[in-house]
Every structure is written in C-alpha cells, then in structure tokens.
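Examination of the molecular architecture
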Amino acid sequence: MITHFPKTHAPGLFFREGIKKFIKNGSLVPSSKYLGKMMLKSVEMKQGVFIVELGAGTGTFTKMILSEMPKSGRLVVFEINPILAEYLRWQIVDPRIMIIEADAVDMVSHLSNLNTNKPNYIISGIPIGNMRPSLRKSLLSAVHETLAEDGLFIQFQYFLASLVAIRKFFHTKIIGYEYRNIPPAFVYSCSKKIL
Ligand SMILES: C[S@@+](CC[C@H](N)C(=O)[O-])C[C@H]1O[C@@H](n2cnc3c(N)ncnc32)[C@H](O)[C@@H]1O
C-alpha cells in the first residue's frame, strides 16, 4: 500500500489511527517531548550505542533518539501499524535507522537476521496494559531475550497496571511521573533479572 502524506501532520494521523485501532494504539495523542525526555534520561548516548524502539507511532521518541545519538549509533524501530510505519519511513531519512513493520513480539527472529550485538536499550511505547496477559508475557520474554545483559528496558504507562508482569522479568524502578503529557504517564526503567 502506498500512501502519501503531503499535508498530514503527526497529531492528525495519530488521532485517525488511534480511532481505528484504539487497543493497539493505546492513545489518541502522540507523546509529548517532556515524556520523551524522561524516557531518554537514563540513556547514555555512547559511541556505537544500539537502541531498539518498540511502537514508534508518529516518531516523537524516534526523532529525539536520533537527535541525541552519535553518528556511530544504530536504531531499529518496530511498528506494527503499516500506515504509521510508512509515515515514519517518509518522515525520517537517516542512515542510522531501520524501520521494521512488524509485531515487536517477533523481535528475536527479526534481529537475529540483522546479525547485530544485543541492544543496549529497548525503549517502548507499546500499550502493554492493553495486551492479553499471554501476549504481554511473550513480549516481555522477547525483550528479556533481546536486551544486552547490562542493558535497560524503558517503558511508559498511564497507570501502574503491568508492574507485576514486568517484575517477573526485570528489576523495575519507577523513574518519574510526567504530568505534562496527555494523559500523564509513569516511566519505568528495567534491568534484566537472571531467570
Ligand atoms: C501509545 S502509541 C506510542 C507511540 C509513540 N511512541 C509515542 O509515544 O507517541 C503505541 C504505538 O505502538 C504500536 N504498537 C502496538 N502494539 C505493537 C506491537 N505489538 N508491535 C509493534 N508496535 C506496536 C502502535 O501501532 C502505536 O504506534
């Protein structure tokens, strides 16, 4: 499907896709830069940093990551919505990014095809609270398998709804509550547990 976006602005597109696919989108408004800042505050943008972003939407965090990332860094994005994936490809042209239109639950096989090291950070905007428990478990297990041993998984949620599920896989800290976001959101920073 080829869609052109000459007059589309991100909030309008996000709203339209949010109405069509509310459970997967999780919101009708893209995240604010304030939330993006909180999501990235524990990320050390060292040389060669490798970041995976899950559920990029219209790219609020994606653009912030790229603006802070060194030239030697690499960003792989998973976005399940084909219209949003196409919008991201149209909006963001950068040699450091690869946009994969796929379910993040399948990240292990996609990333193994790329023949890379494990990512230092996995930054997620996926509404994990809306997922069926079995699917959420599969996603968290895939994040655990994918992430480098000393890596961080960073997730936001509007409610503290999935902490119990996340804590089965990760040591989890709530690093902030960003009220300048619609809706306000908690940010979790998670390091791997030995399972
Ligand atoms: C709440 S929006 C967040 C978008 C963006 N990160 C932001 O904060 O503005 C959730 C995004 O995750 C995507 N998504 C939901 N489930 C997904 C999955 N299993 N794999 C990949 N992307 C997914 C949706 O299509 C949507 O773009």
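Conventions and cut-offs
Residues numbered from 1 in each chain as written. Predicted model: local features only at pLDDT ≥ 70, side-chain atom pairs only at ≥ 80, totals over all residues. Heavy atoms only, no water. Helix = DSSP H or I, 4+ residues; strand = E, 2+ residues; numbered from the N terminus. Buried < 20%, exposed > 50% of the residue type's maximum accessible area, 1.4 Å probe, protein only. Contact = heavy atoms within 4.5 Å. Axes fitted to C-alpha atoms, helices over the stretch in contact; angles between N-to-C directions. Parallel < 35°, antiparallel > 145°, perpendicular 65-115°, else oblique. Near = heavy atom within 4 Å. Polar contact = N/O pair within 3.5 Å; in protein donor to acceptor, adjacent residues only side chain to side chain. Areas by Shrake-Rupley, 256 points an atom, 1.4 Å probe, with all protein chains shown as cover. Left-handed = near helix turned anticlockwise from the far one by under 90°. Core = buried A, V, L, I, M, F, W, Y, C linked by side-chain atoms within 4.5 Å.

Attention now moves to the environment of valine 29. Considering the arrangement of structural elements, one finds valine 29 in the loop between helix H2 (22-25) and helix H3 (33-40). Judged by its relative accessible area of 32%, valine 29 falls in the partly exposed class. Those residues within four positions of valine 29 in sequence are excluded, and the remaining contacts are Phe14 and Ile182.

What follows deals with the packing of helix H6 (residues 107-114) against helix H7 (residues 133-146). Where H6 meets H7, the closest approach of the two axes is 9 Å, and the angle between their N-to-C directions is 25°. The orientation of H6 with respect to H7, classified from their angle, is roughly parallel. Packed against H6, whose contacting residues are Met107, Val108 and Leu111, the element H7 presents Leu139, Ala142, Val143, Glu145 and Thr146 at the interface.

Right, let's talk about the site of the ligand for a bit. Neighbouring the ligand are 22 residues; Asn25, Ser31, Glu79, Asp103 and Ala104 lie closest to it. The separation between an oxygen atom of the ligand and a polar side-chain atom of serine 31 is 2.5 Å. Measuring from an oxygen atom of the ligand, one finds a backbone N or O atom of glycine 57 at 3.3 Å. Protein chains shield 97% of the accessible area of the ligand, which is 600 Å² for the free molecule. Breaking the shell around the ligand down by element, the ones donating at least two residues are H2, helix H4 (60-68) and strand E2 (74-79).

This brings us to the packing of H3 against H4. Contact pair H3 / H4: the axes reach a minimum separation of 10 Å and the direction vectors enclose 55°. The orientation of H3 relative to H4 falls into the category oblique. In the packing of H3 onto H4, the handedness of the crossing is right-handed. Across from Lys33, Leu35, Gly36, Lys37, Met39 and Leu40 in H3, the residues of H4 making contact are Thr60, Phe61, Met64, Ile65 and Glu68.

The biggest cluster of nonpolar side chains holds 29 residues, and the ones touching the most others in it are Ile51 and Ile123. Elements with a contribution of two residues or more to this core: H3, H4, E2, helix H5 (82-91), strand E3 (97-101), strand E4 (121-124), strand E5 (152-157) and strand E7 (185-192). Among residues more than four places away in sequence, those in contact with isoleucine 51 are Val43, Met45, Ile65, Met69, Arg74, Leu75, Val76, Tyr121 and Ile123. Core analysis: the second largest hydrophobic core is formed by 28 residues, Ile128, Met131, Ala142 and Ile166 among them.

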